[in-house]
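Chains, contacts and geometry: an overview
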Amino acid sequence: MKNLNLIDKFLFLVNSVIALLTLISYLNPYISPELFWPLSLVGLMFPYLIALNILFTTYWTFKLKPHLILSIISISIGYKQVKTLLPLKNDSNTKTDNSIKVMSYNVRLFDVYNWSNNKQTKDSILNFLEKEGPDIACFQEFYYAQGIKGFNIKNKIGQKLAAKNKHIETIKYLENGHQYFSIATYSKYKILNKGKITFKNNKSNLCIYTDILFKKDTIRIYNAHLASIHLGYDDYNFIDSVVVKDSKTQIKGLKNITKQLKKAFIKRAPQAEEIQNHIRKSPYPVILCVDMNDTPNSYSYTTIKNNLKDAFNYKGKGIGNTYNGRFPGVRIDYIFYSDDFNCSNLETISVPYSDHYPISAKLHKN
């Protein structure tokens, strides 16, 4: 480092820290948060760590310095994890027949509480669904009510999708207005069987499975919603505050957010394990739509994916951000499928109706 000026010496020190954190983050997919949850905090940083390593590689290349090797090595060691972040394959052996269009969408209760300050959000979602017309639509945070004007939409959605077959499981019910907080799967194909996986550690989350008759084959559709972080109003205010002068307020804000992250990490781990255990026993080809609330470099992702294929890795573009919130560039919604399928298209649709973007995949049965 003799030939480096003071600024470059400092940057190389930062580069070294980033490279070390990157290497640590590679352990995250393989160690359950129930055993050591702080590792998941580093895992959350994974997309940004890779981006910073790329920036440092570019900088040292421009400066003609051999220090670029540090970031190149740190990225190369985790090539397997990097593949989950960026689409590096092309599922070219697709067919034009036996295709099925699948959509996964967390609709955030159809904005019943008017978080978006737009009373037309629900109708916008319905019109969007009619336009897209998926064969299978999996909804998380699905809401309908018999006593609230405009929200008795359970059957209306089926009409918009031209999908008369539905599987809806209620997670929470309020007698006031007969309100149903649910998870729902709509299908243009006949439903043969329905079931659910109830998580032992959290009744607010659920996974349902729906066996459909696709031509002459039975296909099992899983629809899952894993534990959210559940940040409160004060937490979002803290995040939105660029400068917090009071150090006590800073410490309190960080503690609250870390506490909520810890709870979510630990809850999601066994939920992911329960889903994968059930999928492993499936007698039919599998399609899984899931709002995982976690990134591709997480224990939950690695556990659920197992021997399934991630549609984004084959036909995705860019970084595939599915979260329409305060943390940009985060992919937390997924469509997985078994080897019985190939994928010819994967699209993340940037419509502003929820805090999640819908994802749509065109799959072909082998």
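Residues numbered from 1 in each chain as written. Predicted model: local features only at pLDDT ≥ 70, side-chain atom pairs only at ≥ 80, totals over all residues. Heavy atoms only, no water.

Some details on the sheet that holds strand β3 (residues 165–174)
One key point about sheets: their strands pair by backbone hydrogen bonds, in either a parallel or an antiparallel sense. Here we have six strands laid out as an open sheet, ordered β3-β4-β2-β1-β12-β11, and mixed in their pairing. Each end of this open sheet is capped by a strand with a single partner; those strands are β3 and β11 (341–348). Strand-to-strand twist in this sheet, taken as the mean axis angle between neighbours without regard to direction, amounts to 25°. Sheet analysis places strand β1 (residues 99–106) next to strand β2 (residues 136–145), joined by five bridges and oriented parallel. By the bridge assignment, Met-103 is partnered in β2 with Ala-137. Contacts between helix α7 (residues 121–132) and the sheet are confined to β1 and β2, with β1 contributing the most and set at about 165° to the helix. Each of β2, β3 and β4 (179–187) is contacted by helix α8 (residues 154–161), which is oriented at about 150° to β2, the strand it contacts most. (Pairing = 2+ DSSP bridges. Helix = DSSP H or I, 4+ residues; strand = E, 2+ residues; numbered from the N terminus. Axes fitted to C-alpha atoms, helices over the stretch in contact; angles between N-to-C directions. Contact = heavy atoms within 4.5 Å.)

Brief notes about the packing of aromatic side chains
Tallied over the full model, the rule gives 21 aromatic pairs. Seen from their ring centres, Phe-110 and Phe-142 are 5.5 Å apart, and the 75° between their planes marks the pair as edge-to-face. Taken together, the positions of Phe-110 in the loop between β1 and α7 and Phe-142 in strand β2 put the pair 32 residues apart, joining distant regions of the chain. Taking the relative accessible area as the measure of exposure, Phe-142 reaches 0% and is therefore buried. The interplanar angle of 70° and the centroid separation of 6.0 Å between the aromatic rings of Phe-139 and Tyr-186 together place this pair among those described as edge-to-face. Remark: Tyr-186 occurs in strand β4 and Phe-139 occurs in strand β2; sequence separation between them is 47 residues. Comparing Phe-139 with Tyr-186, the two get one shared label, buried. (Phe/Tyr/Trp six-rings, centres within 6.5 Å; stacked < 30°, edge-to-face > 60°. Buried < 20%, exposed > 50% of the residue type's maximum accessible area, 1.4 Å probe, protein only.)

Examining the side chain of Gln-81
Mapped onto the fold, Gln-81 is located in helix α6 (residues 79–85). The exposure class of Gln-81 is buried, given its relative accessible area of 8%. Contact partners of Gln-81, with chain neighbours within four places excluded, come to Tyr-26, Pro-29, Tyr-30, Phe-46 and Asn-297.

Considerations on the confidence of the model for the protein chain
Here the protein chain shows a mean pLDDT of 90. Residues at 70 or above account for 90%. Counted against residues more than four places away or in other chains, residues 232–240, with its pLDDT under 50, gives 16 contacts. (pLDDT = per-residue confidence, 0-100.)

Focus: the packing of helix α4 (residues 46–62) against helix α5 (residues 68–77)
The contact between α4 and α5 brings their axes to 8 Å, and the two run at 150°. As far as their axial angle goes, α5 and α4 are roughly antiparallel. Of the two elements, α4 crosses α5, and the hand of that crossing is left-handed. Counted together, Ile-50, Asn-53, Ile-54, Phe-56, Thr-57, Trp-60 and Thr-61 of α4 and Leu-68, Ser-71, Ile-72, Ser-74 and Ile-75 of α5 form the full contact between these two elements. (Parallel < 35°, antiparallel > 145°, perpendicular 65-115°, else oblique. Left-handed = near helix turned anticlockwise from the far one by under 90°.)

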